[in-house]
Amino acid sequence: MVDAEGAQAPVKVEFDNFEHGFPEGFGPGGWGHLAYAVGIAFAAFQLVIAAWNVLPSQVVRGVHVGFLILMTFGLIGNFTAKGNSGRAAGWLIGGAGFLCGLYQWIFYADLIARDGDPTRLDLAIGTLLAVLIFEGTRRLMGLALPLMCGACILYWFFGQHLPAPFNHRGYDFDQIITHLSYGTEGFYGVPIYVSATYIFLFILFGAFLERAGMIQLFTDVALGLFGGTRGGPAKVAVFASGMMGTISGSGVANVVTVGQFTIPLMIRFGYRRSFAAGVEATASMGGQIMPPVMGAVAFIMAETLGVDYSVIVKAAVIPAILYFASAFWMVHLEAGKRGLVGMKRSEIPSAWHALVARWYLVLPLAALAYMLFEGFTPLYAGSIGLALTVTLILGASITLGFSNNVLRYVFWIGLALVFAAVSHNGLEIVPVASVVGVLLLISAITRGGRATLAACRDSLADSAKSALAVGMACAIVGSIIGMMTQTGVGTIFGSWIIGLGAKSLFLALVMTMLLSILLGTGIPTIPTYIITAALAAPALAKLGVALIVSHMFAFYYGIMADLSPPVALAALAAAPIARESPDKIGWEAMRIALAGYVIPFVFVYSPSLMLQPGDPMQAQLGFYGAVAFATFKALVAIGLFGMVAIGFLFARLTPLERGIAFIAALCLLGDFRFSDTAGFVLAMACIFWQWRQRLRGAVAVA
C-alpha cells in the first residue's frame, strides 16, 4: 500500500489470537474509555510498586494477576463482542478475576495463618482463579498452552493411577488448589513475580523510549553506517533490529515495528520477498538475547538461578554478538551471490548527524546498562532509567517553546545541575521522582507540554496492553511448576537425559534442543524456557554443564522455535508486511539463522564463550585467552555455515565445496582429538580455493 506521497504505508498485521498484541486503541465508545482507565491504573500501580516497596510480595502478585485477568477479558470483549451485553459480560468476568487477586490482599494475614487448612471460600476462590487464568489464556493465545498446562493438571489429579515410574502418591483437591492458587510455586510463582516487577517496568521503559524517537535514531544510524554497502538494506535490517532489541526484548514486536521499514526496503533493492522477511524475522528474534534489556526470560532466569541480572547479561553478550554477526554474514553473502548493491548516497542519512541531533536519547539506555553492570537491581535500574527517559521527553517538549537556542542550553544545563545536586549521594527514587514531578507541572501549563503529557499517558495505557500476553503466560505456566514441585515428576525426565548423557553428552543436548523447539512451536518463548529449564537444565548440570549455560541453552532454542516451521511465529508477523507465504519465510529464516542453531552447542563445549570457567583451553591459554580462542573459533564456524547455507564466498560453491565447508564447521564444533586442527585446515583450504576461483573468474572476464 502506498500513500499519496509515494511512501510505504504501514501494513496492519493480524493474527488468529491476541498473543502478539491487540488492535490499535482500546475499543468502542465508553468501553474503550473504561479499558484505557484500567490500563492507566494498572501501570500506575506497577510504577508505585517499583519505586516504593509498600506491599508484601504475595499481595503484589495477586493484584498483578487480578489486573491481568480484568484487562484480558475486558479488552477481548471490547474487540470481539457484537454488542454491549457481550462487552459487559467480559468486564464482569474480568472483574471476578480482579476480586480473586484482591482476595490475596484482603485476607493476606488470614491466608498465612491457615496455610494448609483452607476454608471452603478459599477453595472456591482458588478454583475460580484457575478457571479464569486458563480461559483468559485460551482467548488470548489459543489452545496450545492451556492444553499443555491442562494435561499437567490432569496428571496432578490422576497420576497416581499410572504405572511406575510415571505415577505419584496422589493428592487431594484441597492440596492441589492450595498449592496452585495460594503458594509461591503455582500461579504466584517466580514467573508471575518477575512479570509483576521487572517485566512490566521494562516494557514501560521501552515504550517511553520509542515514544521519545529511539526507533528513528536506530534506523538513521543503521542506514548511515550500512546503507551504502553491498546489500546494504538487509544489513540495515540486522543492525537496526539488534539495536531495537536493546530496548524491546520482544521478537515479534521488533518485526512489526522495524520490519515495516526494512522489509519493503530490502525488496525494493532486489532481495526476494521471502528472504527479506526471513532476515527481519531472524534479526528481530535476536532481540530477546541482546543486552542490556533482554527478553522477559532473562529476568526469570536470574530469579530462578538466584544471581544478579548483570550476570545473565554478561553471559549473553558474546553469544548475542555472534548471533547478529551470523545474520549479518548471511545477508552479505546473499548480496554477493546475487550481485546486489547498496543504496545511493543521496538516500542515506548521516549517522553522525543523527547522533548529534538525538544523542540524548542514548543517555537512559547507557545509564541503565551502567547500573545493571554495577550491581544495582533491575527494578532500581529500570525505575531510574524510566525516570530519565520521562525527564528527556518532558524537557524536550518544554524547550520547544523557547525562542532561541541559548535558553534551551540554559535549561538543559540547569536540569543537569539539578540532577547532579540530588544525586551527590547516589541516585534515589524520591529526589528523581520530585524532579520529574516538577517537570510534569511545568508541562501541564504549556501547550506543547500538555500534548506530551497526553502522549505519556497513552504510553502508560499501551504498556498495560502489551504486558497482558507475557503476564498471562507467566501465570498459567505456574500450573506446570506447581505440578512438578509437588509430584517430583521432573526427576523422571531428568533421569532420561542423564542416561543419554552417560553415553553421549551430545545426544543429551540434541534431545534438549528438540524438546525446546517442539514446545516452542505452539507456545511462547517464556513458557518454553520455563518448562525445558525445569525438565532438562538440572539434568544437564549433573552431566557437568554449568547451570547458567544449561539454562541459556534452553533459552536459545525456545527463541529459535519462533523461526522454525510449521508455526514460526516471527514469520507469521513478517508475512503480511512482505506479502509472502509464512512457510517460505520460515524456511528462509531457518537458513539465515543456521549458525544460531549451533551457537548453543558451541558455548556448552566452550563455556568461556559465556565468560564462564571450565573451558578445556583455559589451562593452556588462561581465562581471557580461552575466551578469545572460543570466540575466534565460533566466528570461523559461523563463516563456514554461512558459506554452506548461501553457497557463496568469493564465487558460487559447488556441492563438493559445500560439503567440505560443512565438515570443517562440524570439526570446529566437535570435541574430539585434533578436531580444531582439522577444522582450521579444511577452512583454510576452502577459503584459498574460493579465492583462486575468484581470480580465475576475473582473468576470464579480462
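Cut-offs and rules
- Residues numbered from 1 in each chain as written.
- Predicted model: local features only at pLDDT ≥ 70, side-chain atom pairs only at ≥ 80, totals over all residues.
- Heavy atoms only, no water.
- Helix = DSSP H or I, 4+ residues; strand = E, 2+ residues; numbered from the N terminus.
- Buried < 20%, exposed > 50% of the residue type's maximum accessible area, 1.4 Å probe, protein only.
- Contact = heavy atoms within 4.5 Å.
- Patch = residues over 30% accessible without salt bridge, like charges linked within 9 Å, V, L, I, M, F, W, Y side chains within 5 Å.
- Areas by Shrake-Rupley, 256 points an atom, 1.4 Å probe, with all protein chains shown as cover.
- Salt bridge = Lys/Arg side-chain N within 4 Å of Asp/Glu carboxyl O.
- Phe/Tyr/Trp six-rings, centres within 6.5 Å; stacked < 30°, edge-to-face > 60°.
- Axes fitted to C-alpha atoms, helices over the stretch in contact; angles between N-to-C directions.
- Parallel < 35°, antiparallel > 145°, perpendicular 65-115°, else oblique.
- Left-handed = near helix turned anticlockwise from the far one by under 90°.
- Nonpolar A, V, L, I, M, F, W, Y, C, P; charged D, E, K, R; others polar.
- Expected span 1.5 Å × (residues − 1).
- Core = buried A, V, L, I, M, F, W, Y, C linked by side-chain atoms within 4.5 Å.
- Polar contact = N/O pair within 3.5 Å; in protein donor to acceptor, adjacent residues only side chain to side chain.
- pLDDT = per-residue confidence, 0-100.

Attention now moves to the overall build of the protein. Secondary structure assignment for the protein yields 31 helices and zero strands. Burial analysis of the protein (702 residues in total) assigns 56% to the buried set. In the protein, the share of contacts with a sequence separation of at least 24, taken over all contacts with a separation of at least 6, comes to 76%.

Once that is clear, we can look at the environment of Ala327. Position of Ala327 among the secondary structure elements: in helix 14 (residues 309-338). Take Ala327: its relative accessible area is 2%, and that puts it in the buried class. Between the alpha carbons of Ala327 and Gly596 there is a distance of 8.5 Å; along the sequence they are 269 residues apart. Not counting chain neighbours up to four residues away, the residues in contact with Ala327 comprise Val238, Thr282 and Ile592.

Let's shift gears to a nonpolar patch on the surface. A cluster of nonpolar side chains, namely Phe650, Ile687, Phe688, Trp691 and Leu695, defines an oily patch on the protein surface of about 450 Å² accessible area. Secondary-structure assignment places Trp691 in helix 31 (residues 675-701). Residue Trp691 is classed as partly exposed on the basis of its relative accessible area of 37%.

The next subject is the packing of aromatic side chains. Applying the stated criterion across every chain yields a total of 18 aromatic pairs. For the pair Phe42 and Phe200, a centre-to-centre distance of 5.0 Å together with 50° between the ring planes defines the contact as tilted. In this pair, Phe42 is assigned in helix 1 (residues 29-51) and Phe200 in helix 8 (residues 190-212), connecting sequence segments 158 residues apart. Of the residues examined, Phe42 reaches a relative accessible area of 0% and is grouped as buried. Between Phe623 and Tyr624 the ring centres are 5.1 Å apart and the planes differ by 80°, which places this aromatic pair in the edge-to-face class. Judged by relative accessible area, Tyr624 falls into the exposed class, the value being 66%. Aromatic rings pair up to connect Phe42, Phe45, Phe67, Phe98 and Phe200 into one cluster.

Closest axis-to-axis distance for the helix 13 (residues 296-305)/helix 25 (residues 547-560) pair is 11 Å, and the angle between their directions is 150°. When the axis of helix 13 is compared with that of helix 25, the two are roughly antiparallel. Once helix 13 is placed against helix 25, the crossing between them reads as right-handed. Where helix 13 abuts helix 25, its residues Val297, Met301, Thr304 and Leu305 lie against Leu547, Ile548, His551, Met552 and Phe555. When the residues that make up the contact of helix 13 with helix 25 are grouped by side-chain class, the tally is seven nonpolar, two polar and no charged.

What follows concerns unusual backbone geometry. Positive phi is not limited to glycine here, since Leu611 has a value of about 60°. Mapped onto the elements, Leu611 comes out in the loop between helix 28 (594-605) and helix 29 (618-646). Using a relative accessible area of 35% as the deciding quantity, one classes Leu611 as partly exposed.

The axes of two packed helices give the description: the angle between them and the distance between them. Put simply, helix 24 (residues 525-542) and helix 25 touch, their axes get as near as 8 Å, and they point 145° apart. Helix-helix and strand crossings are classified by hand; for helix 24 and helix 25 the assignment is right-handed. Taking contact as the criterion, the partners of Thr525, Thr528, Tyr529, Thr532, Ala533, Ala537, Leu540 and Ala541 in helix 24 are, on helix 25, Leu547, Ser550, His551, Ala554, Phe555, Gly558 and Ile559. Its residues assigned to classes, the contact of helix 24 with helix 25 shows nine nonpolar, six polar and no charged.

Quick look at the pattern of salt bridges now. A complete count under the given rule lists six salt bridges for this structure. Here Asp122 and Arg114 are joined by a salt bridge, their closest N and O atoms 2.5 Å apart. With a relative accessible area of 2%, Asp122 lands in the buried category. With a relative accessible area of 23%, Arg114 lands in the partly exposed category. Between Arg272 and Glu588 there is a salt bridge, and its shortest N-O distance comes to 2.7 Å. With Arg272 in the loop between helix 11 (251-268) and helix 12 (273-285) and Glu588 in helix 27 (residues 582-592), this residue pair connects regions lying 316 residues apart in the sequence. The class for Glu588 is buried, based on a relative accessible area of 11%. Overlapping salt bridges, with partners in common, bring together Arg272, Glu334, Glu588 and Arg591 in one network.

With 13 residues, helix 9 (residues 214-226) extends 18 Å between its outermost C-alpha atoms, agreeing within 8% with the 18 Å of an ideal straight helix rising 1.5 Å per residue. Buried within helix 9 we find Met214, Leu217, Phe218, Thr219, Asp220, Val221, Ala222, Leu223 and Phe226.

Turning to the nonpolar core, a few remarks are in order. In terms of nonpolar packing, the biggest core is built from 228 residues, with Met552, Leu563 and Phe603 touching the most fellow members. At 15 residues, helix 14 tops the list of elements feeding residues into this core. For Met552, the contacting residues outside a window of four places in its chain are Met301, Ile312, Ala315, Ala316, Phe603 and Met610.

Here Val258 lies in helix 11. Along the chain, Val258 and Gln216 lie 42 residues apart, while their C-alpha atoms are 9.4 Å from each other.

The subject of this paragraph is the side chain of Ser550. Within the fold, Ser550 resides in helix 25. In this view, Ser550 contacts Ala537, Leu540 and Val545; residues no more than four positions away in its chain are not counted.

So, about the side chain of Ser463. Relative to the elements of secondary structure, Ser463 occurs in helix 20 (residues 447-476). When its relative accessible area of 1% is taken as the criterion, Ser463 is described as buried. Side-chain polar atoms of Ser463 contact the backbone oxygen of Ser459, separated by 2.8 Å.

The next point concerns the confidence of the model for the protein. The predicted coordinates ought not to be read in detail in places where the model reports low pLDDT. In the predicted model, the protein carries a mean pLDDT of 80, and 89% of its residues have values of at least 70. Here helix 22 (residues 490-503) stands out as the least confident element of the protein, with mean pLDDT 65; helix 3 (residues 84-106) is the most confident, with 93.

Turning next to the environment of Phe205. Looking at the secondary structure, you find Phe205 in helix 8. Judged by its relative accessible area of 0%, Phe205 falls in the buried class. Put simply, Phe205 and Val390 are 185 residues apart on the chain and 9.1 Å apart in space, counted from C-alpha to C-alpha.

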